[in-house]
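Survey of secondary and tertiary structure
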Amino acid sequence: MAPKNQSREARERLRLYQARQGLHERQRRRRVRDDVVWAGALVLVAALATGSQLVHASNEGADGAQASASATATSGPTPSASATAGNTGDVPSKDIADGATWTGTLTLNDDIDLGIELDGAAAPQATSVEIDLIRKRFYDGTTCHRLADSADFHFLQCGSANGDGTGDAGFQYGPLENVPSDGRYAAGTIAIARGASPSSQTTQFFIVTDDTTLDPSTGGYTVVGKVTSGLSDLVSQVTSQGIADAGADGSGKPEVATEITGATIRQEK
């Protein structure tokens, strides 16, 4: 169980994220409303000029379902989330990524600056989710709770709201995208953690710190992008310092407490 102050921080982070999400949605609706009003005025002018009658219909649906997945660390780079048949909660639109390459930084412990690149063409849904979370500062102050550095796999897992493998932003999503068919994840790969279901991806991700092969028969993991610089700093300052209380699979909490202290993202032109 997470400490009480950690749970309060997670609830506050979720509240702030949802508040920012609500602000963005209100701004979007206001833009849509203004566009409709302006278009209606033009239609009215045209109708009066031509004597014709035009009818414009707009149908907007919204799924108000909310879901909060409980997640705990398992033997692979995944949270153990409840299996779902499809997306749950208010999943950011996959159109955010715009089929483009996005670059930015992920800062750990104030002095490890990782250059990152997200592939909006190969993984539009996952990239859109990461862009939205970074823009709304969901990750700021969260902990990278799990480090694996064994003969089989090497990664640092981050992004849970509570900093211990539990908590999210109130949604889960799929599908899996850009999954390596051979199960090979090169050093520097950024992939999305998940539970048993392809639609159980949420806020957690993992950074592959050395070439790793993961069993592809389980469905694999969405490769959302890669680290373009700073990986050696992560390895020397975190990975090489070891794992505290490693489990049977060789993974556990990093000996060096690791926190996301900043993140930026922008679209490449």
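Residues numbered from 1 in each chain as written. Predicted model: local features only at pLDDT ≥ 70, side-chain atom pairs only at ≥ 80, totals over all residues. Heavy atoms only, no water.

**Observations concerning the sheet that holds strand β6 (residues 189-192)**
In plain terms, the rule: We treat two strands as partners when DSSP finds at least two bridges between them. Under the DSSP-based scheme used, a helix requires at least four consecutive residues in state H or I and a strand at least two consecutive residues in state E, with every element numbered from the N terminus.
Strand order in the open sheet formed by 10 strands is β10-β11-β3-β4-β7-β6-β9-β2-β1-β12, and the pairing between neighbours is antiparallel. The open sheet has two free edges, formed respectively by β10 (243-244) and β12 (260-267), since each of these has just one partner strand. The pairing of strand β1 (residues 101-108) with β12 spans 7 bridges and is classified as antiparallel. Residue Trp102 lies in a different strand from β12, and its bridge partner there is Gln267.

**Quick look at the side chain of Thr209**
Heads up, the rule is: Think of it in three bands: with a 1.4 Å probe and only protein chains considered, a residue is buried below 20% of the maximum accessible area for its type, exposed above 50%, and partly exposed in between. Residue contacts are defined here by distance: any two heavy atoms, one from each residue, within 4.5 Å place the two residues in contact.
In this structure, Thr209 sits in the loop between β7 (205-208) and β8 (212-213). By relative accessible area, Thr209 is classed as buried at 8%. Setting aside residues no more than four positions away along its own chain, Thr209 makes contact with His154, Phe155, Leu156, Ala187, Leu231, Leu234, Val235 and Thr239.

**Remarks on the side chain of Thr166**
Checked against the element boundaries, Thr166 lands in the loop between β4 (154-158) and β5 (184-185). Note on Thr166: relative accessible area 17%, which makes it buried.

**Observations regarding the state of the cysteines**
Under the convention used in this document: Here, two cysteine sulfur atoms that lie within 2.5 Å of each other are counted as a disulfide.
Scanning the entire structure with this criterion turns up 1 disulfide. At a sulfur-sulfur separation of 2.1 Å, the disulfide partner of Cys144 is Cys158. Linking Cys144 and Cys158, the disulfide has an S-S dihedral of approximately 100 degrees and is accordingly described as right-handed. You can see Cys144 sitting in the loop between α2 (124-135) and β3 (146-149) and its partner Cys158 sitting in strand β4, a full 14 residues away along the chain. Considered together, Cys144 and Cys158 belong to a single accessibility category, that of buried residues.

Limitation: the analysis is restricted to geometry and does not speak to function.
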